[in-house]
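# Observations on the three-dimensional arrangement
Residue strings, one per chain:
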Amino acid sequence: MIKKISKVLVANRGEIALRVMRSCRELGILSVAVYSDVDRTSMHVRYADQAIHIGPATSAESYLNIDKIINAAKLVKADAIHPGYGFLSENAEFSKRCEKEGIIFIGPTPEVIATMGDKITARKTMITSGVPVVPGTKENLKDESTILKTVREIGLPVMIKASAGGGGKGMRMIDKEENILEGLRAAKSEAMASFGDDAVYIEKYISSPHHIEFQVLGDKHGNVIHLCERECSVQRRHQKVVEETPSPLMTPELRAQMGEHAVAAAKAVNYHGAGTIEFLVDNDHNYYFLEMNTRLQVEHPITERVTGYDLVKQQILIAEGHELKMKQEDIFQFGHAIECRIYAEDTDNNFMPSPGVITHITEPMGLGVRTDGYVYEGYEIPIHYDPMISKLIIWARTREEAIERMRRALFEYKITGVKTSIKYLEKIMDCPDFRNGTYDTHFIQNNEDFLLAADEAKQSFEDLAIVTAFINYHNKLKSTQICPKSSLQNKWKEFGRRRGMFRASEN
Amino acid sequence: MIKKISKVLVANRGEIALRVMRSCRELGILSVAVYSDVDRTSMHVRYADQAIHIGPATSAESYLNIDKIINAAKLVKADAIHPGYGFLSENAEFSKRCEKEGIIFIGPTPEVIATMGDKITARKTMITSGVPVVPGTKENLKDESTILKTVREIGLPVMIKASAGGGGKGMRMIDKEENILEGLRAAKSEAMASFGDDAVYIEKYISSPHHIEFQVLGDKHGNVIHLCERECSVQRRHQKVVEETPSPLMTPELRAQMGEHAVAAAKAVNYHGAGTIEFLVDNDHNYYFLEMNTRLQVEHPITERVTGYDLVKQQILIAEGHELKMKQEDIFQFGHAIECRIYAEDTDNNFMPSPGVITHITEPMGLGVRTDGYVYEGYEIPIHYDPMISKLIIWARTREEAIERMRRALFEYKITGVKTSIKYLEKIMDCPDFRNGTYDTHFIQNNEDFLLAADEAKQSFEDLAIVTAFINYHNKLKSTQICPKSSLQNKWKEFGRRRGMFRASEN
Amino acid sequence: MAIEIKLGERMAKVELLAEEGNQIKIMVDSKEYNLDMLQVENGVYSVLYKGRSYNVELIETDSSKKYSVNTFYHSYDAEIIDAETKYLQARNSGNLEATESTITSPMPGKVVKIPVELGSEVKKGDTVIIVSAMKMESEYKAMKDGIVKEIYVHEEDIIDGNQPLVFID
Amino acid sequence: MAIEIKLGERMAKVELLAEEGNQIKIMVDSKEYNLDMLQVENGVYSVLYKGRSYNVELIETDSSKKYSVNTFYHSYDAEIIDAETKYLQARNSGNLEATESTITSPMPGKVVKIPVELGSEVKKGDTVIIVSAMKMESEYKAMKDGIVKEIYVHEEDIIDGNQPLVFID
């Protein structure tokens, strides 16, 4: 049975809120923004058909507050909620509450979110369904002699990980027998301190691991397909920085095999909506289920670009109850796509975040260039949320051409007012390991010297920088002689005129 | 023999100059801009690696002046010149001069330009090569009884056209026998007045004609392929407004047939480089050679989008002497692409051009959106050149989705300071004849009432417009009370701060 | 503060009733609005009204009291009618004659040709000046019969929009 | 007009020799340049030098005399050293002590935690304040041993970049 959606509340902000609203608009669906105190000027409020204020800047009192979001949805009579990524997107309670209130949650059921959200349960489910997982235990281990036995079965090196964990906390790599017990105890106590739960599990440690994920789509009629892989091994402190598809490591056989397992993984939980199965892959093409993300990923646009499918539209159609229109054999990758995430951060200064006012922005254009952003000139990036400014998605027929195009687009991309990661991303594009496609998740760490090296050409542009600063100061001094006669005049006209005068008659 | 190009002078301005430079940059080729007095601030000067001033605003003394452009190329030691479209792109003398000076002209030989530039010679060449042409005469007709005989052979209605003509001058449609001689005399005298040459020819008049063109690529080794068609029937006063590919009229069989003829047409003149064969097609799928454009077309991006090939890169590779890497059977159209041309014009006021200062611009973003433009905030569009601001190129899996996406992108595209054709283009996207794909070159004329109709919703937004004008005026009055204390301060910071204060504490 | 604003043919009376931060209460003719209104970019306003989100763009034209206003799909010309404007209007009333006598071009451009001379006798509909902008030529015609009394520009001159070009009396 | 500009460690003497429209002749230390230089957008300059085209972006930081300058791929910090600056520098010389005593954050953010109190004794390297921005927390540590003499902010406060936070003596 089809339930037509006519108004979607987007329970998010930033680029992903805009991205969702774009697809709504194309489908003729009204979109509703919610915003916190500091987001009145945010682009998603301006883009939406309706906008509801939901509270203070702190996420817990606005974007993470289930009651406020549900109230907003009821106020505007939205028939569906799209959670984006982050915030409430993988919150089972939120999905359940929507269900209870009769609002369509554009995402999976609370049960699926809960199953996939708990790492041990997810592992168990995958093993039962025949999806390869990293060799290791499924359960919390207590007895130390059992642990020693298990570790010997799996073979060193191993990882000890917190079941409730994330972000590297409660995690220990062990490569020597004598360190096993000490590492285990440290991991458990850290897990307890961080998550209030000291459950841990043991995994085989994969050296030279590649982080490769598969996009899946499932409808409410039991059909599941995959839309091929994304290579996400360029990571800094477990944060993805650059993604691409196809993966340079991939072969058609491996893709078919991993794709089948990704579909099996989704079917194991009767998955519907868009989801991602993350795998660890080693250089010998062994692969292991890592986790499932039950939402849209930040990097979903590269899949859209090579397969041609609008994933947000697919999510909405699935939520309405439609059957998938395409079959597995219809899916192919046309060309190559790369995404770079542009952050407001100071890459020369330990990647410190750099909030502030955007004074000027020029976005790259032309063939094969997509930008998904949300900032504009005069916009102040708030200190309270994620430092991602935009995503630059490049397509070309070949990987080599895509890298050249990415370099060209990064060259064109000018953002001033805040520091950004653009120059750092250019370095990644120039890095031999990346260009050759011979990289794994240790890429950034292995190439730190190359990526952070000072550029020798810097000195030759010093005089240019000095002269420009001089001229700007000089012209400011000149203009302070004259008090503006009429601030009623259009500033831009004035700017144009001033420039014209400067050209034509100033001497 | 391959002659590597390392520096390209782009003998053009506006969006096409930028577009060419982008591909140069991706290929690692330096680009050189030329500019007239009024173009010092133009984006192509800023984008290029080098920039040479070549004279006053009037094109004849700058962009059309062969000597000045050749001198600039020699000054910077450019080894090739890309002419873009318009200006000198189809000037045989310019191509010849480049040859003489030992500079690679990125385009065909002078002979080919001359052959295809003269309509009667082009017709003859096509007939000899078996490419269908519109039934009619090849030569200038003098004797009036011969003319009457010829017209009777072809059958009314017919068109009389000036051989040296263009832009509708020296052109007459005749549908009644008694008007033949009168029409002929009028056409000849108009042709003499406009072009100094009264040669005319007679063509069958095609009712419900579709303007469909084929993109061809030929290398210097005799290989020619086509990259499928572009439907260009949405025209206003013989100017293309919207283009799409595939054509809604096309069938795979017709495409194969017309494509073969397009390749034959190019081979007939040993064509190398990128070129376009224009056909007239009637509703019964009869098609006739119209003319060949021996340069890049404005609308080339839609072909790039569905086939994936960068046409400027192909032009450069061909000019260097490379063989085409792809074969005809490698070419296919993935999805559907539409281009809208954004003009600085007042569509409510007889499409009067609207030069001026761009006060604000927001470009559309997201999946399937490409913008090729050249203006920026604060840029003054000069009165001397073409009113085209940019091209919006949309891709989607299906034609229907592409139209929805185009509507969404036009909605997002905000340009203020000058009047633009954006609203008019939205009307085209809404027009049933366009949506159904049942249109021919009479589309705009047939739908004039729909396209220019006043919108009934206009009244309901009146109060919003009034209030905004009021508040702006009100705030200006308030701000004139205070003379800015320090104009040394960063204006943007001030803007951000002012806005912050306005929000937080003004009352 | 209450003023009149002319929008096309309509004359609206506007009164600001209250203002607190970006929250305003305003009366347009007899209708009262509560709006959340904020300038977010140079000349671009974000307006929230009953939860609906609108974007309005303003361009000042000619003077600081005349605007071109763009809402979603519509363009309007708005003019602030304050005391000064009223005074000027009163002074110019009955000046339709003057408007008909002065030929102007609504857009900037370059004078291509002036087919008349000082003292020429012209008929209503005769072309008196040809202006070119962006490769398109426009002919401006006399709006009444008369004698060419003033020609303010020369051929090849670059002109502004709405600048007087030819005066016929 | 000749002034000094500090760029990183370098101190350059700059003198404008001639200026006509956007053509300038300028001396940087001992090197003379002829440039075509034009502000094309807010804070964006287009520079032509020997036919080469450069784009330079300027952001004013803190004061009107300090700039962050971006060329193609490089960022520089430039400071105009005029008489006033020199006077202030002279007055503050030997004030390294002061810099070490005052804890600041280079970026704006929110104070998450202040693990010290007025009068606390701290050792060099002790964390005295934790600031959060964009989901990332940064700890600021004492740069010398001493006593916390001033705490200028409170937990939960929103702070600017380079604002004094804690004073240790």
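In this text the structure is predicted, and so the values were computed from the model without any measurement.

### As for the state of the cysteines
Covalent bonding between the sulfur atoms of two cysteines is what defines a disulfide. All names here are of chain A. Scanning all chains against the criterion turns up zero disulfides over all chains. As a non-bridged cysteine, Cys98 has Cys24 as the owner of its nearest cysteine sulfur, 15 Å distant. With relative accessibility at 0%, the residue Cys98 sits in the buried group. With no disulfide of its own, Cys431 lies closest to Cys340 among cysteine sulfurs, the gap being 13 Å.

### Comments concerning the packing of helix α1 (residues 14-26) of chain B against helix α11 (residues 311-320) of chain B
Residues and elements named next belong to chain B. Two elements in contact, α1 and α11, have axes separated by 9 Å at closest approach and are oriented at 65°. Note that α1 runs across α11; the crossing there is right-handed. Counted together, Arg19, Val20, Ser23, Cys24 and Glu26 of α1 and Leu311, Val312, Lys313 and Ile316 of α11 form the full contact between these two elements. Partitioning the contact of α1 with α11 into residue classes produces five nonpolar, one polar and three charged.

### Here we look at the interface of chain C and chain A
In many analyses, interface size is given as the accessible surface area lost on bringing the parts together. With 20 residues of chain C at the contact, the number on the chain A side is 17 residues. For the pair chain C and chain A, the summed buried surface comes to about 1500 Å²; carbon and sulfur atoms form 39% of the total. One can count two salt bridges joining chain C with chain A. Notably, a salt bridge pairs Glu41(C) with Arg46(A), separated by 2.9 Å at the nearest N-O pair.

### A look at the interface of chain A and chain D
Taken together, the contact between chain A and chain D spans 51 residues of the former and 59 residues of the latter. The junction of chain A with chain D conceals about 5100 Å² of combined surface from both sides, 68% of it contributed by carbon and sulfur atoms. If you look at where chain A meets chain D, you find four salt bridges. Notably, a salt bridge pairs Glu19(D) with Lys478(A), separated by 3.2 Å at the nearest N-O pair. Taken together, the elements giving at least two residues each to the side of chain A that touches chain D come down to β16 (352-353), β18 (360-362), β22 (414-416), α13 (422-430), α17 (462-480) and α18 (491-504) of chain A. Ranked by residues supplied to the side of chain A that touches chain D, first place goes to α17(A) with 17 residues. Taken together, the residues of the side of chain A that touches chain D sort by class into 24 nonpolar, 13 polar and 14 charged.

### Thoughts on the confidence of the model for chain C
Note: predicted coordinates in regions of low pLDDT should not be interpreted at a detailed level. Residue and element names in this part refer to chain C. For chain C, mean pLDDT is 86; residues scoring 70 or higher make up 91% of the total. For chain C, the element scoring lowest by mean pLDDT is helix α2 (residues 96-101), at 66; strand β3 (residues 23-28) scores highest, at 94. Confidence estimates for the predicted assembly give a pTM of 0.88 and an ipTM of 0.86.

Rules behind the numbers
- Residues numbered from 1 in each chain as written.
- Chains lettered and ligands numbered in written order.
- Predicted model: local features only at pLDDT ≥ 70, side-chain atom pairs only at ≥ 80, totals over all residues.
- Heavy atoms only, no water.
- Disulfide = S-S within 2.5 Å.
- Buried < 20%, exposed > 50% of the residue type's maximum accessible area, 1.4 Å probe, protein only.
- Axes fitted to C-alpha atoms, helices over the stretch in contact; angles between N-to-C directions.
- Helix = DSSP H or I, 4+ residues; strand = E, 2+ residues; numbered from the N terminus.
- Left-handed = near helix turned anticlockwise from the far one by under 90°.
- Contact = heavy atoms within 4.5 Å.
- Nonpolar A, V, L, I, M, F, W, Y, C, P; charged D, E, K, R; others polar.
- Buried area = accessible area lost by both parts, 1.4 Å probe.
- Salt bridge = Lys/Arg side-chain N within 4 Å of Asp/Glu carboxyl O.
- pLDDT = per-residue confidence, 0-100.

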